[in-house]
Amino acid sequence: MTRTLTNRTILMSGGSRGIGLAIALRAAADGANIVLLAKTDTPHPALEGTIHTAAEQIRAAGGRALAVVGDVRNDEDVERAVAAAVAEFGGIDIVLNNASVITLAGSQDLSPKRYDLMQDVNTRGTFMLSRAAIPALLESSNPHILSLSPPINLDPKWLGPHIGYTLAKYGMSLATLGFAAEFAGQGVAANTLWPRTTIQTAAVSNVLGGEELMRRSRTPEIYADAAYLVLTSDARELTGRSLIVEDVLADHGITDLEKYAPGVDPADLFPDIFL
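Residues numbered from 1 in each chain as written. Predicted model: local features only at pLDDT ≥ 70, side-chain atom pairs only at ≥ 80, totals over all residues. Heavy atoms only, no water.

On a plain count of helices and strands, the protein comes out with 9 helices and 7 strands. The C-alpha radius of gyration computed for the protein amounts to 17 Å, which stays within 12% of the reference 19 Å derived for 275 residues, consistent with globular compactness. For the protein, buried positions account for 54% of its 275 residues. As presented, the protein carries roughly 12100 Å² of accessible surface, and 52% of it is formed by carbon and sulfur atoms. The positive charge centre, built from 22 side chains, and the negative charge centre, built from 31, are 1 Å apart in the protein. (Helix = DSSP H or I, 4+ residues; strand = E, 2+ residues; numbered from the N terminus. Rg over C-alpha atoms; globule rule 2.2 N^0.38 Å. Buried < 20%, exposed > 50% of the residue type's maximum accessible area, 1.4 Å probe, protein only. Areas by Shrake-Rupley, 256 points an atom, 1.4 Å probe, with all protein chains shown as cover. Lys, Arg positive; Asp, Glu negative; His and termini not counted. Charge placed at Lys NZ, Arg CZ, Asp CG, Glu CD.)

Now the structure itself:
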């Protein structure tokens, strides 16, 4: 059976821009319902888009959108977003843990405040948003949790350079795999998804490497296309996996990735820091 996201409801943390918005727009092309829980209510001086402009783009792409201004770190905001999704669209079929904070400082340069922020948004946010949505997901015919986080890699070269960020991202992955194990018997899929190369996002531009690294990165649409394939899969057949974007596409016969980095030699693409 060919599945689509038509009339499916996605609850997403973040999504005002970047990869989250790209995934939302891909789902909107099917006529999905997107509930965004994000903080950016007014324009940010250094970041493009707000939760409201994202909602407008989703509607223009063919979907329905509900903008819930709030913080995934705030339990009341999380509960409010879940309740709003159920009230507006009758349930929740997908939780997309997209919100994430990145700081690549070493242990001696990472402030406690920044460490706590990464843990609260990345790890705790993933756990609490997924947890709050479980009762609604159990009512769905094909429930998915998808977290944008890497496979667990204990190689010291990934653990050493940015311990705080690695802990926060691995926390997302461990929480997701934990939900997969806890609810496997009830048919709730939970997977992680991560790319082999850097992706053109504000974090890549502002934190990692500026215009040159943006040039050597793929567009967010590669992430969106892979996420779509995961979220339209059978929840009972695809769960508990640490998935790689390019592998998901290849499994569906998509091996020509040139459109995601036009004019860039594949050998010149910048590898992701966790793979």
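Take the packing of aromatic side chains next. Any aromatic ring pair is given by two values, namely how distant the centres are and how the planes are angled relative to each other. Applying the stated criterion across every chain yields a total of 5 aromatic pairs. Pairwise contacts between aromatic rings join Tyr165, Tyr170, Trp194 and Phe274 into one cluster. For the cation-ring pair, arginine 26 lies above tyrosine 228, with the distance from its terminal atom to the ring centre recorded as 3.7 Å. (Phe/Tyr/Trp six-rings, centres within 6.5 Å; stacked < 30°, edge-to-face > 60°. Lys NZ or Arg CZ within 6 Å of the ring centre and 35° of its normal.)

Across the sheet, which stays open at both edges, the 7 strands sit in the order β3-β2-β1-β4-β5-β6-β7 with parallel pairing between neighbours. Each edge of the open sheet carries a strand with a single partner, namely β3 (64-69) and β7 (242-244). Geometrically, the sheet is characterised by an average inter-axis angle of 20° between neighbouring strands, direction not taken into account. As defined by bridge partners, strand β4 (residues 94-97) adjoins strand β5 (residues 144-147) across 4 bridges and the pair is classed as parallel. Note on β5: the bridge partner recorded for valine 95 is isoleucine 145. Packing of helix α1 (residues 18-28) onto the sheet brings it into contact with β1 (9-13), β2 (33-38) and β4, and relative to β1 it is tilted by some 170°. Running over the sheet, helix α2 (residues 51-60) touches β2 and β3 and is turned about 170° from β3. (Pairing = 2+ DSSP bridges. Axes fitted to C-alpha atoms, helices over the stretch in contact; angles between N-to-C directions. Contact = heavy atoms within 4.5 Å.)

Our next topic: unusual backbone geometry. With the exception of glycine, most residues fall at negative phi, and the peptide bonds are largely trans. A positive phi angle, near 65°, is found at asparagine 7, a position not held by glycine. The residue asparagine 7 is located in the segment before β1 in this model. You can call asparagine 7 exposed: its relative accessible area is 55%.

Bringing the layout of surface pockets into the picture now. Of the volumes computed, that of the second largest pocket is approximately 150 Å³. Contributing to the lining of the second largest pocket are Leu229, Val230, Ser233, Leu238, Arg241, Ser242, Leu243, Ile244, Asp247, Val248, Asp251 and His252. For the lining of the second largest pocket, a count of residues per class yields 6 nonpolar, 3 polar and 3 charged. (1 Å grid on protein atoms, 1.4 Å probe; cavity = no way out; pocket = protein on both sides within 12 Å on 5 of 7 lines; lining within 4 Å. Points joined across faces, edges and corners; volume = space filled by probe spheres on them. Nonpolar A, V, L, I, M, F, W, Y, C, P; charged D, E, K, R; others polar.)

As a further point, take helix α4 (residues 112-137). Between the first and last C-alpha of α4 there are 35 Å, a value that for 26 residues agrees with the 38 Å anticipated at 1.5 Å per step. The axis of α4 is deflected most strongly, by about 45°, at glycine 125. (Expected span 1.5 Å × (residues − 1). Bend = angle between axes of the 7 residues up to and from the residue.)

Moving on: the pattern of salt bridges. A complete count under the given rule lists 12 salt bridges for this structure. Among the ionic pairs, glutamate 212 bridges to arginine 215, the shortest N-O distance being 3.0 Å. One end of the pair, glutamate 212, and the other, arginine 215, are both in helix α7 (residues 202-215), 3 residues apart, so they sit about a helical turn from each other. A network of salt bridges, in which partner residues are shared, links Glu212, Arg215, Arg216 and Asp268. (Salt bridge = Lys/Arg side-chain N within 4 Å of Asp/Glu carboxyl O.)

Here α1 crosses helix α8 (residues 221-231) at 50°, and the two axes come no closer than 8 Å. Classified by the interaxial angle, the pair formed by α1 and α8 is oblique. Helix-helix and strand crossings are classified by hand; for α1 and α8 the assignment is right-handed. Note on element contacts: α8 touches α1 through Glu221, Tyr223, Ala224, Asp225, Ala227 and Tyr228, opposite Ile19, Ala22, Ile23 and Arg26. Classifying every residue of the contact of α1 with α8 gives 7 nonpolar, no polar and 3 charged. (Parallel < 35°, antiparallel > 145°, perpendicular 65-115°, else oblique. Left-handed = near helix turned anticlockwise from the far one by under 90°.)

Let us now look at the nonpolar core. Grouped burial of nonpolar side chains is what soluble globular proteins tend to show. Counting residues in each nonpolar core, the largest one holds 80 residues, and the members touching the most others are Ile92 and Leu193. In this structure isoleucine 92 touches Thr9, Leu11, Val82, Ala85, Val86, Ala133, Ala136, Leu137 and Ser140, once residues within four positions along its chain are discounted. (Core = buried A, V, L, I, M, F, W, Y, C linked by side-chain atoms within 4.5 Å.)

So, about the environment of tryptophan 194. Looking at where tryptophan 194 falls in the secondary structure, it is placed in strand β6 (residues 189-194). Judged by relative accessible area, tryptophan 194 falls into the buried class, the value being 8%. Taking C-alpha positions, tryptophan 194 is 8.0 Å from tyrosine 223, a pair spaced 29 residues apart along the chain. For tryptophan 194, the side chain forms a polar contact with the side chain of aspartate 272, separated by 2.5 Å. (Polar contact = N/O pair within 3.5 Å; in protein donor to acceptor, adjacent residues only side chain to side chain.)

Geometry only, nothing functional implied.
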